[in-house]
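If you want the building blocks of each chain, they are given just below.
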Amino acid sequence: MKTTIKRQIPVLQMGCASCAGKIESAIKPLKGVVSANVNYASAMLSVAFFPETISLSEIQKAVQAAGYDLFIEEDTNEETTLATIQEKKFTTLKNKTIWASILALPIVIIGMFFMEMPYANEIMWVLATPIVFGLGNRFFINAWKQARHRTANMDTLVALSTGVAYLFSVFNTLFPHYWHQKGLHGHVYFEAAAVVVAFILLGKWLEENAKSNTSTAIKKLIQLQPNTVTLWLDNEEQKVISIEQVKVGDRLLVKPGERIAVDGVVISGDSYVDESMLSGEPIPVLKKANEKVWAGTLNQKGSLVFKAVQIGSETLLAHIIKTVQEAQGSKAPVQKKVDFIASIFVPVVMAIAVVAFVLWWILGGENGFTQGIMALVTVLVIACPCALGLATPTAIMVGVGKGAENGILIKDALSLELAQKIDTIVLDKTGTITEGKPKVAEELWSSNDSNLRSILLSIESQSEHPLAEGVVHYLQGVPMVPITNFVSVTGQGVRAKVEGKDYFIGNPSFLKANQIKINDNFLQKSTAWEAEAKTVIGFANATSVLALLAISDAVKPTSVAAIRELEEMGIAVYMLTGDAEKAAQAMAAQTGITHYKGGVLPQQKADFIKELQAQGKTVAMVGDGINDSTALAQADVSIAMGKGSAIAMEVANMTLMTSDLHKIPQAIRLSKATVATIHQNLFWAFIYNVIGIPIAAGILFPFNGFLLNPMLAGAAMALSSVSVVSNSLRLKLKKL
């Protein structure tokens, strides 16, 4: 069976949003490629492929043939990192912007106030040339690359507009008599060409700066892991080593004020650890022997010695970084429509520009040709596919990042967009509403035979169910006996043989299904315990019940308030549990849940969610990500609780880094804010182009004589992308 590899690869030399579509079109038809998505905002390709059929270098060649490139780390030397490439690009852009602005300023002053001075045209020509063809050479180089592949992008629009304005001005400078013979004045537009380049460079600089701010969450996460660690040797000596040298099983010392380097388990010492960067919770957590610690968290007061359990890419922090990167690079459903519009945007704009020029030439009178040239230039300048292309991905990047900072790990853009539609939430009980730390509260035995306790402990120690853990902890110290034929029946109980005799442990319905009689005394006790919201499990031999245990699991302090908050938001809350109906009823009364069901098996949870979906509801399932995997897979949005095991992250659309149900309303509010921002961005991007392009073409001239100056068009175009990204960045200030 073939396996696919999924990679996130930086894309180089993208000029605008339409570039993303062209790169996707170059990769998707390749044999062996399963999927390919390019995010313009993050400049990242997310590609899934069969390594047996196609290699990364072949994918790179296809991208290069389309006029772009991929940054594949294996093909570069250590000095050439993505960070250095991006830093160099940003610095170059900044310097070009500054010099373009310095050279353009005197051109504007001459063009506006001193056109009658001697050699005014020639001076502007000399100053404009290095701006257009030196500082703005990237537009012409990229436009030529696109032309060779019979495509066009934003660089094409800029190169055409500034090139036409420049060449027209050069002609009028060299041959002014051509227009004088016709009784006209040959205007020059050097200032338009120069200022347009300066404004677009400024816009690109501001855009790159703003885009880098959308991924600050990733940068913060990456910076959490220290470069060196202190190794605790057998003779209690200390040795500082690089993090790459750490091996599983190593004992590491973390001192006050240091960050924990890898995931592990505390061996000795105790200290408070700040886990807010992972969980979003500001209160430090006390860590003692046998407690888990996580990479990236901050040790506060005491020193800890811990054993390394997960290192490198296996740490929780590494999983979070990978998940956030993939989510930020994924596309929301609305983005597909925007991508299509962006892909045809440039050719449509070029056609509009040509039509505007022709109409002005035919209908514009004696200055029709000149005004037609300016209309063509202005239309090409003002059109901005980048604002459209940035509208969705920048909002998604900020939204996913803000979620990560608040302990809400979102797997993809679809989940973030869909969460705002949730109208029904299904909650598992154990570990979701309750603490997930079941304890034996009461017990009732048919006899005082101590051997029975040994049998119960020996069987339960083989079970992975949370209730079994509570029993094992309660009976610790009791001697064990050999067992055989251990069988687990999901959601009901277990059975095994001891010295050839059958024994059963499970809920009352499991015992009845195995023809085991429960006497009246046990039945009354079971009913009383269930009314107190305790979970009842029975221990029996082949004929009769030997003991009943009442398991209690405390409700989390925040669960009741969180459930009330969800209901106040208009969301219907359901609780599904494998506990008996009376125990479920008591738990529902205790937590204020109206809709509940007891005695529900894992598959029945999925079936119940199907029923809700058939009624047209958008359902979120909240569970532990492992036992409830079927129900989580069925739900529209699946949410895993707890410290985000790798399995939970794989199963669920969202993982809450703490077990606090308050994170669910926060996730829904984040989704609503993100989707609202996307809609705002798309509205302004569309409105900008729908209004700006006709005005640039001269549609207002017959009514009020207004013609848009190409310089103002350049400024508007530059600011449109920046405004969209800035609006997305407002999400960072949103309170969840």
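This text goes with the structure placed above it.
Given the structure is predicted, the values throughout are model-derived calculations rather than measurements.

J.: Looking at this model, I keep getting lost on the pairing of strand β15 (residues 424-428). Mind explaining?
T.: Each regular strand displays side chains that alternate between the two surfaces of the sheet. The element β15 is extensively covered by neighbouring structure, given that five of its five residues are classed as buried. Burial along β15 is two-sided: the face carrying T424, V426 and D428 and the face carrying I425 and L427 are both buried. Pairing between β15 and strand β22 (residues 572-576): five bridges, direction parallel. Pairing of V426 across the sheet is with Y574, part of β22. Both β15 and strand β24 (residues 619-623) contribute to a ladder of four bridges, which runs parallel. Within β24, the residue paired with I425 across the bridge is A620.

J.: Would you explain the side chain of D553 in this entry?
T.: On the secondary structure map, D553 appears in the loop between β21 (545-552) and α20 (559-568). Here D553 sits buried without a salt bridge, and the closest side chain of opposite charge, K429, lies 5.7 Å off (N-O distance). For D553, the side chain forms a polar contact with the main-chain nitrogen of K437, separated by 3.2 Å. Contacts of D553, omitting those with residues within four sequence positions, involve T430, G431, T434, E435, G436, K437, P438 and M587.

J.: What exactly am I supposed to notice about the packing of aromatic side chains here?
T.: Each pair of aromatic rings is reported with the distance of its centres and the angle of its planes. In total, this model carries 14 aromatic pairs according to the counting rule given. Both rings, one in F133 and one in Y166, keep their centres 4.8 Å apart while their planes meet at 85 degrees; by these two values the pair is edge-to-face. One end of the pair, F133, is in helix α4 (residues 120-135); the other, Y166, is in helix α6 (residues 154-174), with 33 residues separating them in the sequence. With a relative accessible area of 37%, F133 lands in the partly exposed category. Centroid distance F168 to F369: 6.1 Å. Interplanar angle 50 degrees. Geometry classified as tilted. Remark: F369 occurs in helix α13 (residues 368-382) and F168 occurs in helix α6; sequence separation between them is 201 residues.

Conventions and cut-offs
- Residues numbered from 1 in each chain as written.
- Predicted model: local features only at pLDDT ≥ 70, side-chain atom pairs only at ≥ 80, totals over all residues.
- Heavy atoms only, no water.
- Buried < 20%, exposed > 50% of the residue type's maximum accessible area, 1.4 Å probe, protein only.
- Helix = DSSP H or I, 4+ residues; strand = E, 2+ residues; numbered from the N terminus.
- Pairing = 2+ DSSP bridges.
- Lys, Arg positive; Asp, Glu negative; His and termini not counted.
- Salt bridge = Lys/Arg side-chain N within 4 Å of Asp/Glu carboxyl O.
- Polar contact = N/O pair within 3.5 Å; in protein donor to acceptor, adjacent residues only side chain to side chain.
- Contact = heavy atoms within 4.5 Å.
- Phe/Tyr/Trp six-rings, centres within 6.5 Å; stacked < 30°, edge-to-face > 60°.

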